[in-house]
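What the coordinates show
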Amino acid sequence: MAMSVGGDSAEKPMSEINTTPLVDVMLVLLIIFLIAVPVVIQTVPLKLPNVRFDPTTTKPENVSLSVTSENGQCKVYWNLTPVSSDELRTRAVEKLKAEVERLGGVGNITPDQLPEAHIRGDVNTPYRCIGGTIFTMQQAGFARVGFISEPPPAATPAPDRPGGQNRS
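About the criteria used
- Residues numbered from 1 in each chain as written.
- Predicted model: local features only at pLDDT ≥ 70, side-chain atom pairs only at ≥ 80, totals over all residues.
- Heavy atoms only, no water.
- Pairing = 2+ DSSP bridges.
- Helix = DSSP H or I, 4+ residues; strand = E, 2+ residues; numbered from the N terminus.
- Core = buried A, V, L, I, M, F, W, Y, C linked by side-chain atoms within 4.5 Å.
- Buried < 20%, exposed > 50% of the residue type's maximum accessible area, 1.4 Å probe, protein only.
- Contact = heavy atoms within 4.5 Å.
- Axes fitted to C-alpha atoms, helices over the stretch in contact; angles between N-to-C directions.
- Disulfide = S-S within 2.5 Å.
- 1 Å grid on protein atoms, 1.4 Å probe; cavity = no way out; pocket = protein on both sides within 12 Å on 5 of 7 lines; lining within 4 Å.
- Points joined across faces, edges and corners; volume = space filled by probe spheres on them.
- Nonpolar A, V, L, I, M, F, W, Y, C, P; charged D, E, K, R; others polar.
- Left-handed = near helix turned anticlockwise from the far one by under 90°.

One ladder, built from five bridges, connects strand β1 (residues 63–70) with strand β4 (residues 117–121); its direction is parallel. Of the residues in β4, the one forming a bridge with Leu65 is Ile119. Two elements, β1 and strand β2 (residues 73–78), share six bridges in a ladder whose sense is antiparallel. Looking across to β2, one finds that Ser66 is bridged to Tyr77. Counting the residues in the hairpin turn of β1 and β2 gives two residues, including Asn71, whose phi is positive at 55°.

Counting residues in each nonpolar core, the largest one holds 17 residues, and the members touching the most others are Leu65, Trp78, Leu88, Met137 and Phe142. Elements represented by at least two residues in this core include exactly β1, β2, α2 (85–102), β4 and α3 (127–140). Examining the composition of this core, we find that five residues originate from one element, α3, more than from any other. Ignoring sequence-local partners within four residues, the contact set of Leu65 consists of Tyr77, Trp78, Leu88, His118, Ile119, Arg120, Thr133 and Met137.

Taken in spatial order, the five strands make up an open sheet running β3-β2-β1-β4-β5, and their pairing is mixed. Unpaired on one side and paired on the other, β3 (81–83) and β5 (145–147) mark the two borders of the sheet. For this sheet the average axis-to-axis angle between neighbouring strands, irrespective of direction, equals 35°. Relative to β1, α3 is tilted by about 150°, and along the sheet it contacts β1, β2, β4 and β5.

This part covers the state of the cysteines. A covalent bond between the sulfur atoms of two cysteines is what we call a disulfide. Applying the stated criterion across every chain, the model contains one disulfide. Two residues share a disulfide in this structure: Cys74 and Cys129, whose sulfurs sit 1.9 Å from each other. Between Cys74 and Cys129, the disulfide has an S-S torsion of -70° and is therefore left-handed. Of this pair, Cys74 sits in strand β2 while Cys129 sits in helix α3; the two residues are 55 residues apart in sequence, bridging distant segments of the chain. For Cys74, a relative accessible area of 33% gives the class partly exposed.

Let us now look at unusual backbone geometry. Even without being a glycine, Asn71 presents a positive backbone phi close to 55°. For Asn71, the position within the fold is in the loop between β1 and β2.

What follows is about the environment of Ile134. Within the secondary structure, Ile134 sits in helix α3. Since its relative accessible area comes to 12%, Ile134 is described here as buried. Sequence separation of Ile134 and Ala117 is 17 residues, and the distance between their C-alpha atoms is 8.7 Å. Other than its neighbours up to four places away in sequence, Ile134 contacts Ile119, Tyr127, Val145 and Phe147.

As a further point, take the layout of surface pockets. In this model, the second largest pocket occupies a volume close to 160 Å³. Cys74, Lys75, Val76, Val83, Ser84, Ser85, Leu88, Arg128, Cys129, Gly132, Thr133 and Thr136 are the residues that line the second largest pocket. Ranked by residues supplied to the lining of the second largest pocket, first place goes to α3 with five residues. A per-class count over the lining of the second largest pocket returns five nonpolar, five polar and two charged.

Another aspect to go through is the packing of α2 against α3. To describe two helices that pack against each other, one gives the angle between their axes and the distance between the axes. Two elements in contact, α2 and α3, have axes whose closest approach is 8 Å; the angle formed by their N-to-C orientations is 40°. The chirality of how α2 crosses α3 is right-handed. Facing Ser85, Leu88, Arg89, Ala92, Val93 and Leu96 of α2, the residues of α3 in contact are Thr133, Thr136, Met137, Gln139 and Ala140. The residue makeup of the contact of α2 with α3, split by class, is six nonpolar, four polar and one charged.

This is how it looks when you write it as structure tokens:
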């Protein structure tokens, strides 16, 4: 049994905070998060595709669209002619109807015979412009909408790094 003899006769209230329980709780939380974070941040193992260049076979019936943005406004060009969203839909529907009639009607057509829409989008164009163009073409009936892109540059050798290793 411990006893305090002597000292101040006037007892002062204890003003220091006991940090031991706080440290214990923090250590327990740290251990819980060290165990829980790897469980929560799991991903499905995937092999993402490499960019590859497939040459485009251009057929005369395909529609070539270019999409840019100027001052926040989306600009769509049918070949070299600027068109609004309504004009784009109208032209696309007319083009598709003309192709169906040329091929002999709906019963005689395979999906490969239908025209495609090829979209070229400027790098600095917001996706809403390109997405709107895709949506408009799909509304008009174009089932195949593709993107025209620039092939990746040929592999150029990296300059030699110290240690004799090249990094790409």
